[in-house]
Amino acid sequence: MHQKKSEIQIGKESTGISSDFNPKFNSNSIHHKQQNHSNPPIHNHNPKINKLKHSKSNYFPQFPKPSYLHSISLAALRRLRHRLRLILLLSLPFFYFLLSPPTHSFIFNFLSAFAFSAALFFSLSLKFKFKFKSTPSLPIVLTVQRWQRRRRERKEASTVVVLEVRVYSNGDVYEGEMKGGKCNGSGVYYYNMSGRYEGDWIDGKYDGFGVEIWSKGSRYKGMYRDGFRNGFGVYRFYTADVYAGQWFNGQCHGSGIHTSDDGGRFVGQFKWGVKHGLGHYHFRNGDTYAGEYCADKMHGFGVYCFANGHRYEGTWHEGKRQGLGMYTFRNGETQSGHWQNGVLDVPSTQNATFPVSPVGVNHSRVLNVVQEARRAAEKAYDVAKVDERVNRAVSAANRAANAARAAAAKAVQNEIHLNNESIRIPIL
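Residues numbered from 1 in each chain as written. Predicted model: local features only at pLDDT ≥ 70, side-chain atom pairs only at ≥ 80, totals over all residues. Heavy atoms only, no water.

(A) Geometry of the overall build of the protein chain. Scanning the protein chain from terminus to terminus reveals seven helices and 19 strands. Taking all 428 residues of the protein chain together, 33% fall into the buried category. At a minimum sequence separation of 6, the contacts of the protein chain that also span at least 24 residues come to 30%. Counting only carbon and sulfur atoms, one obtains 57% of the accessible surface of the protein chain, whose full area is about 27,200 Å². (Helix = DSSP H or I, 4+ residues; strand = E, 2+ residues; numbered from the N terminus. Buried < 20%, exposed > 50% of the residue type's maximum accessible area, 1.4 Å probe, protein only. Contact = heavy atoms within 4.5 Å. Areas by Shrake-Rupley, 256 points an atom, 1.4 Å probe, with all protein chains shown as cover.)

As structure tokens, this is what we get:
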């Protein structure tokens, strides 16, 4: 997947409404309120409240104002609190000299002065709290509420899925759903002269089901995760090869079926894009192999059956007969022993006491290896089938691609409606 460097968003936001817009406070309602300022209510005689009303009526709804007697009582309580604090500070020295007995001890006088200073310092930091029911300051409360409302609206707007069309600096185009400035939902991404992707998105990455098409003719249908092919899917190469099975981080990994352009067919296990594990291969010329693979080659125990009726059962090394094994002709004759690079170099013998050659191989050892090769071939044919799971993934990918194309068409229509002009979208 191509990396996106920088992007230029074309057109406007699909919503067309700013997050700070409030339909309740439009220009008509503000003008109406300003016309009514010439005749304020009769019961509002407090100049502070009238000033507040004139300065905040454009931004805040009208709430019941505190009464005149209530505002006077609040001011009286504040003045009484300050007077009590002043009286307390002035009375502390008087109580100290009144209650302290006369003495001529220097230490006692020093400690008394220290205690008086500490008491005075404590009294300066003392705060009286009067508990009574009062209405908080109206402008502060409303400002906080409005700030919280705007913050909530901006947060909701950043998480709302919208339909957009975006053109990137490298020539790529995205059409579909977006969330928080990233591709999210269903959408179509057109790569500049290289292909396109149709399907599900999460946080700007392929995630879910989708269809990816390249300009050379390759095509993939299946599951994605974090931008990579992951799960079950089908990949059709431009060379006519087809792989259907499990994927991991963009590579064939797990059980799958690979069909070559020459007619060969492998069913078995893959690891990081190559045949690895148990599997069976049907060659174009009619030969078959069932057994173990390593790094895309026959390696380990396996059975190779030729189209002419011959058969080899034994060990393999990097695609060649090597080790102990037995070759059986179609007329029933056999050759067994140790093989090197596909050629029998040390025949086996039935006599373990007096072997024909000093480096001869006991035939019983060869038979044990043949049994292991046959068991490996049986396990290779018992590899779990993946056809049903692959078909379900392909069906889901087709549905996701259809939804992505529908979302892309709506995004283009919205863009045309907002800009009042046609937009040419490249179709690959």
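(B) Layout of the environment of Asn398. By the secondary structure assignment, Asn398 is in helix H7 (residues 387-419). On the accessibility criterion, Asn398 (29% relative accessible area) is partly exposed. In this structure the C-alpha to C-alpha distance between Asn398 and Lys221, which are 177 residues apart in sequence, comes to 7.5 Å. The residues contacting Asn398, other than those within four sequence positions of it, are Val211 and Lys221.

(C) Representation of the pattern of salt bridges in the model. According to the stated counting rule, one finds eight salt bridges in the structure shown. Across the pair Glu164 and Arg166 runs a salt bridge, and its minimum N-O distance is 3.2 Å. Pair check on accessibility: Glu164 and Arg166 agree, each one buried. The closest approach of N and O atoms between Arg196 and Glu198, which form a salt bridge, is 2.7 Å. (Salt bridge = Lys/Arg side-chain N within 4 Å of Asp/Glu carboxyl O.)

(D) How the structure looks around a nonpolar patch on the surface. Among the surface-exposed residues, Leu77, Leu80, Leu84 and Ile87 lie close enough to one another that they form a single nonpolar patch of about 350 Å² accessible area. Turning to its location among the elements, Leu84 is positioned in helix H3 (residues 68-99). Given the relative accessible area of 42%, Leu84 is considered partly exposed. (Patch = residues over 30% accessible without salt bridge, like charges linked within 9 Å, V, L, I, M, F, W, Y side chains within 5 Å.)

(E) Summary view of the pairing of strand E11 (residues 265-271). Bridge count for strand E10 (residues 251-259) against E11 is six bridges, and the pairing is antiparallel. Pairing of His258 across the sheet is with Phe266, part of E11. Where E10 folds back on E11, the antiparallel hairpin that results is connected by five residues, among which Gly263 adopts a positive phi of roughly 100°. Where E11 meets strand E12 (residues 274-282), six bridges bridge the pair, whose relative direction is antiparallel. Each bridged residue has a counterpart across the sheet, and for Val267 the counterpart in E12 is His280. With antiparallel pairing between neighbouring strands as the criterion, E11 and E12 make up a hairpin whose turn holds two residues, including Trp272 at a positive phi of roughly 55°. (Pairing = 2+ DSSP bridges.)

(F) Looking closely at the pairing of strand E3 (residues 173-179). In terms of burial, E3 is largely enclosed, as five of its seven residues are buried. The sheet contact formed by strand E2 (residues 162-168) and E3 spans six bridges and is antiparallel. Bridge pairing in E3 links Val162 to Met178. Across six bridges, the pairing between E3 and strand E4 (residues 182-191) is antiparallel. Looking across to E4, one finds that Lys179 is bridged to Lys182. Joining the antiparallel neighbours E3 and E4 is a turn of two residues, in which Gly180 adopts a positive phi near 65°.

(G) Quick peek at unusual backbone geometry. Of note in the backbone geometry, Asp226 takes a positive phi value of approximately 55° without being a glycine. Its location among the elements puts Asp226 in the loop between strand E7 (219-225) and strand E8 (228-236).

(H) Representation of the packing of aromatic side chains. For the structure shown, the criterion picks out 34 aromatic pairs. Summarising the aromatic geometry, the rings of Trp214 and Tyr235 are spaced 5.6 Å apart at their centres and angled 35° between planes, so their arrangement reads as tilted. Pair noted here: Trp214 is in strand E6 (residues 205-214) and Tyr235 is in strand E8, with a separation of 21 residues, a long-range link. Judged by relative accessible area, Tyr235 falls into the buried class, the value being 11%. The interplanar angle of 85° and the centroid separation of 5.2 Å between the aromatic rings of Tyr243 and Trp247 together place this pair among those described as edge-to-face. Trp247 shares its class with Tyr243; the two are buried. The positively charged end of Lys275 is found above the aromatic ring belonging to Phe266, 5.6 Å away from the centroid. The residue whose ring lies beneath Arg321 is Tyr312, and the NZ or CZ to ring-centre distance is 5.5 Å. (Phe/Tyr/Trp six-rings, centres within 6.5 Å; stacked < 30°, edge-to-face > 60°. Lys NZ or Arg CZ within 6 Å of the ring centre and 35° of its normal.)

Function cannot be inferred from these measures alone, as they are strictly geometric.
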